[in-house]
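So the chains spell out like this:
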Amino acid sequence: MPAKCKFCDRPAFIKLHYPRMYLCEEHFKEYFERKVRRTMERYKMLKPDERVLVAVSGGKDSAVAAYILKKLGYKVECLHINLGIGDYSEKGERYARRQCEKIGAPLHVVRVKELLGHGIGEVKTRRPTCSYCGLTKRYIFNKFAYDNGFDAVATGHNLDDEASFIFNNIMNWNTQYLAKQGPVTPAGFNGKLVKKVKPLYEVTEREVVAYALASGIEYEIEECPYARGATTLEWKEILNQMEEKRPGTKINFVKGYLRKRHLFEAELKEAELRECKVCGMPASGEVCSFCRFWGLKEPIDFRVKRQ
Ligand SMILES: [Zn+2]
Ligand SMILES: [Zn+2]
């Protein structure tokens, strides 16, 4: 006999491990949406009238984040950064377009290669590719949101991402990274650092995949070619093995971290921030890391002309 939903007579669509229950497709969607709404309320992520920019990569997490924010009634627009990584990026952009059409949210696209002359992976530098890619994405999302007056930027980080980030940084004792991680990063530097929120903070990757399937959200499955073999994937695997033996490991680990986060504050080397000489955005030196890395002489203006 196939398992039945805990709440109705329909066949089970998914077996959740924590809390342990079988749910049909409809009741799973309801469960997932309620969970995200509660996370957003618990951490006071967004006020109902705030404009939020969702960073959509074409992958499942950001697609689900945009879909659910829209469904919960928020004012959503999306930004896709085409990183210029060949076919992988072209596919990502096509998925991002389809995902935004599906939910009826405006999509803005920034192409790194057109904007800066080189795609990610094409720059001659000693810096690791993932490191300057991250720096470039963070800067563009923040500056785009700031230039266009958004109140917040939302990303698709899920519970597995957060747990593996914390795990990795504990295993390497990168304690300075552990002082500031969390579901919400408040606005700062006179609004030039836009508030960051993670609506999927308390749902697992497995739940995100199931929700995308249940909601008919299509997404790019391929991993970034530069991320292959990244150690975070190994940490995720270890955490998944633990989760299987002891359901609730991941959520309890992350919640415990949030309670103890203050212990790492002494490690925080809060560099005095000042305005970048080139772009005016926050910098720890004379010029911000984005303008320095890309050798900019003039700031980039991301303001969208509205008809
Ligand atoms: Zn049901
Ligand atoms: Zn700058």
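Before any of the text, the structure's been laid out above.
Residues numbered from 1 in each chain as written. Chains lettered and ligands numbered in written order. Predicted model: local features only at pLDDT ≥ 70, side-chain atom pairs only at ≥ 80, totals over all residues. Heavy atoms only, no water.

The next point concerns the nonpolar core. A general trend in soluble globular proteins is that nonpolar side chains are found buried together. If you look at the biggest cluster of nonpolar residues, it comprises 42 residues, and the most contacted ones within it are Phe 28, Phe 32, Val 54 and Leu 69. With 7 residues, the single largest contributor to this core is helix α2 (residues 60–71). Once residues lying within four places of it in the same chain are set aside, the contact partners of Leu 69 are Met 40, Leu 46, Val 52, Val 54, Tyr 74, Val 76, Ala 154 and Pro 199. Within the second largest apolar cluster, 37 residues are counted, among which are Ile 81, Val 194, Cys 276 and Met 281. (Core = buried A, V, L, I, M, F, W, Y, C linked by side-chain atoms within 4.5 Å. Buried < 20%, exposed > 50% of the residue type's maximum accessible area, 1.4 Å probe, protein only. Helix = DSSP H or I, 4+ residues; strand = E, 2+ residues; numbered from the N terminus. Contact = heavy atoms within 4.5 Å.)

What follows is about helix α7 (residues 205–214). Turning to α7, its buried residues number three or more, namely Glu 207, Val 208, Ala 210, Tyr 211, Ala 212 and Ala 214. Buried-residue contacts for α7 involve β1 (14–17), α1 (25–42) and α2. Once α7 finishes, Gly 216 follows within two positions and takes phi at roughly 70°, a positive value.

Here α1 spans 26 Å end to end across 18 residues, near enough to the 26 Å set by a 1.5 Å rise per residue. Within the sequence span of α1, burial applies to His 27, Phe 28, Lys 29, Tyr 31, Phe 32, Glu 33, Val 36, Thr 39 and Met 40. Looking at the packing, one finds that the buried side of α1 touches β1, β2 (20–23), α2 and α7. A positive phi of about 50° marks Lys 44, the residue just after α1. (Expected span 1.5 Å × (residues − 1).)

Time to look at the coordination of the zinc ion (ligand 1). Within the protein, the zinc ion (ligand 1) binds to Cys 5 (SG), Cys 8 (SG), Cys 24 (SG) and His 27 (ND1); these donor distances fall in the range 2.0 to 2.4 Å. All donors of the zinc ion (ligand 1) belong to a single chain; written as a sequence motif, their spacing is C-x2-C-x15-C-x2-H. With a gap of 19 residues between them, Cys 8 in the segment before β1 and His 27 in helix α1 connect regions that are remote in the sequence. (Donors = N, O, S within 2.8 Å, 3.2 Å for Na, K, Ca; no water.)

Geometrically, a packed helix pair is captured by the angle between its two axes and the distance between the axes. Here α1 crosses α2 at 80°, and the two axes come no closer than 11 Å. Considering their axes alone, α1 and α2 lie roughly perpendicular with respect to each other. The residues of α2 that touch α1, namely those facing Phe 32, Glu 33, Val 36 and Met 40, are Val 64, Ile 68, Leu 69 and Lys 71. Broken down by class, the residue content of the contact of α1 with α2 amounts to 6 nonpolar, no polar and 2 charged. (Axes fitted to C-alpha atoms, helices over the stretch in contact; angles between N-to-C directions. Parallel < 35°, antiparallel > 145°, perpendicular 65-115°, else oblique. Nonpolar A, V, L, I, M, F, W, Y, C, P; charged D, E, K, R; others polar.)

As a further point, take the pairing of strand β3 (residues 51–55). Counting buried positions over the 5 residues of β3 gives 4, a clear majority of the element. Pairing between β3 and strand β4 (residues 75–82): 5 bridges, direction parallel. Note on β4: the bridge partner recorded for Val 54 is Cys 78. Once the chain exits β3 it traverses α2 before rejoining the sheet at β4, and the crossover so formed is right-handed. Bridge analysis of β3 against strand β6 (residues 152–154) gives 3 bridges, and the strand direction is parallel. Within the sheet, the bridge partner assigned to Leu 53 lies in β6 and is Val 153. (Pairing = 2+ DSSP bridges. Right-handed = clockwise from strand over helix to strand, strands pointing away.)

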